[in-house]
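A structural walkthrough
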Amino acid sequence: MKITITLFSLLSIIICCNEKPQQADQRESDEIKRKDSILIHQALTDALDIADQNKTKTSFRYEFNHTLEDSSKEIKTVLAMGYLFDEMSKHLIIRRTTPSEVILTIYSSEANNFKLLVERTEWKLNYLNDTIRDINGDSYNDYIIHTYPSSGCCLANVYHVYLYQKQTGYFTSAYKFLNPTFYPKEKIIRGLTYGHPGEAGLYKFKWSGIQLDTTEYIYPMDPEKKTFLKTSKETIHFTKDQGILLSNLPREYMSMDSISLNWFMDNISIPNESGQ
């Protein structure tokens, strides 16, 4: 009995001694995260203060860094202010890049303060860039965030599009497009669906204001004979009775992003509509 009690006591001491360093490490990790979170918020506060001091300027751009608890890492903050989306209203875009995330915010610049309109966080590993340009052909710039997932089998350039609405001064919720090519003058988006070559199809969407209508999908029915299937709905297992068989790929798709088009055709030469 004494031996059993002694062994149990020793085991308890060993467990206790092992737990204490683990608990201490966890507390230290939690404290670092807390301080980093405070500094990320401070970067936003500082950016808004700097923008406020310069809001009378027609345009303004500035960037600065904050060093995190781990001195080898930092938060990079970039702000841009001006008539970014239309010629009558001033906006502020703030991008905070941390070791793990990219935090994007858009504010309207009003008389006495900045009003938050858009906020989005992306994993730094997935984020590629963010830009402003007219997407739906209404002559006003929109906000586009380009990402690429860190896992998956196939081509996946993802664009998150926030349409700017001049009438209200707000942005729409994000539209998500996969491998798109934008044609604002036509109010059209042509792109590539997700899948391996021979499975992925082309799509065409058309804008009607801020509404998006599906026009068609095109699939490689027989790459060897260069025939294609046009359907009205997206499908996975496409057959001849699901749509219209085409002997050539419509010329309008030839101007698409070359990476997406080559993926769709799998490096097979594409005849034009005259068959040459």
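That block above? That's the structure.
None of the values given here were measured: they were computed from a predicted structure.

**Notes on the pairing of strand β11 (residues 175-178)**
Of the two faces of β11, the one holding Tyr 175 and Phe 177 is buried and the one holding Lys 176 and Leu 178 is not buried anywhere. Note that strand β8 (residues 158-162) and β11 share four bridges and pair antiparallel. Within β11, the residue paired with Val 161 across the bridge is Tyr 175.

**Brief notes about the layout of surface pockets**
For the largest pocket, the calculated volume is near 170 Å³. Only β6 (127-133), β7 (142-147) and β12 (180-183) provide two or more residues apiece to the lining of the largest pocket. When residues in the lining of the largest pocket are grouped by element, the largest group, three residues, is from β12. Looking at the lining of the largest pocket residue by residue, the classes come out as five nonpolar, six polar and two charged.

**Observations concerning the packing of aromatic side chains**
This structure, assessed with the given rule, holds 17 aromatic pairs. Pairing Phe 85 with Phe 171 gives two aromatic rings, centres 4.9 Å apart and planes at 80 degrees, and the pair type is edge-to-face. A residue pair is termed long-range when its members are at least 10 positions apart, and Phe 85 in the loop between β2 (74-82) and β3 (91-97) and Phe 171 in strand β10 (residues 170-171) qualify at 86 residues. Its relative accessible area of 2% is what places Phe 85 among the buried residues. With a relative accessible area of 10%, Phe 171 lands in the buried category. Relative to Phe 205, the ring of Tyr 203 has its centre 4.5 Å away and its plane inclined at 25 degrees; by these criteria the two rings are stacked. You can call Phe 205 buried: its relative accessible area is 13%. A network of ring pairs unites the aromatic residues Tyr 159, Tyr 175, Phe 177, Phe 182, Tyr 203, Phe 205, Trp 207, Tyr 217 and Tyr 219 as a single cluster.

**Topic: the pattern of salt bridges**
All told, the structure shown has 10 salt bridges when counted by the stated rule. Linking Arg 61 and Glu 63 is a salt bridge whose minimum nitrogen-to-oxygen distance equals 3.2 Å. Given a relative accessible area of 55%, Arg 61 falls into the exposed group. Between Lys 230 and Glu 216 there is a salt bridge; the shortest N-O distance is 3.9 Å. Separated by 14 residues along the polypeptide, Lys 230 in strand β16 (residues 227-231) and Glu 216 in strand β15 (residues 211-222) bring together distant segments of the chain.

**Focus: the side chain of Thr 98**
Structurally, the position occupied by Thr 98 is in the loop between β3 and β4 (101-109). Judged by its relative accessible area of 3%, Thr 98 is buried. For Thr 98, the residues in contact, after removing those within four places along its chain, are Ile 40, Glu 74, Ile 75, Ile 103 and Lys 124.

**Topic: the state of the cysteines**
A full pass over the atoms with the stated rule returns one disulfide. There is a disulfide in this structure between Cys 153 and Cys 154, and the S-S distance comes to 2.4 Å. One quick way to see it: the torsion about the S-S bond of Cys 153 and Cys 154 is about -90 degrees, and its sign makes the bridge left-handed. You can call Cys 153 partly exposed: its relative accessible area is 46%. In this structure Cys 154 comes out as buried when scored by relative accessible area, which is 5%.

**Regarding the sheet that holds β8**
As summarised here, the arrangement of the four strands in space is β6-β7-β8-β11, forming an open sheet in which the pairing is antiparallel. A single partner strand is all that each edge strand has here, and the edge strands are β6 and β11. When the angles between neighbouring strand axes are averaged without regard to direction, this sheet yields 20 degrees. Sheet analysis places β6 next to β7, joined by six bridges and oriented antiparallel. Looking across to β7, one finds that Asn 129 is bridged to His 146.

Calculation notes
- Residues numbered from 1 in each chain as written.
- Predicted model: local features only at pLDDT ≥ 70, side-chain atom pairs only at ≥ 80, totals over all residues.
- Heavy atoms only, no water.
- Buried < 20%, exposed > 50% of the residue type's maximum accessible area, 1.4 Å probe, protein only.
- Helix = DSSP H or I, 4+ residues; strand = E, 2+ residues; numbered from the N terminus.
- Pairing = 2+ DSSP bridges.
- 1 Å grid on protein atoms, 1.4 Å probe; cavity = no way out; pocket = protein on both sides within 12 Å on 5 of 7 lines; lining within 4 Å.
- Points joined across faces, edges and corners; volume = space filled by probe spheres on them.
- Nonpolar A, V, L, I, M, F, W, Y, C, P; charged D, E, K, R; others polar.
- Phe/Tyr/Trp six-rings, centres within 6.5 Å; stacked < 30°, edge-to-face > 60°.
- Salt bridge = Lys/Arg side-chain N within 4 Å of Asp/Glu carboxyl O.
- Contact = heavy atoms within 4.5 Å.
- Disulfide = S-S within 2.5 Å.
- Axes fitted to C-alpha atoms, helices over the stretch in contact; angles between N-to-C directions.

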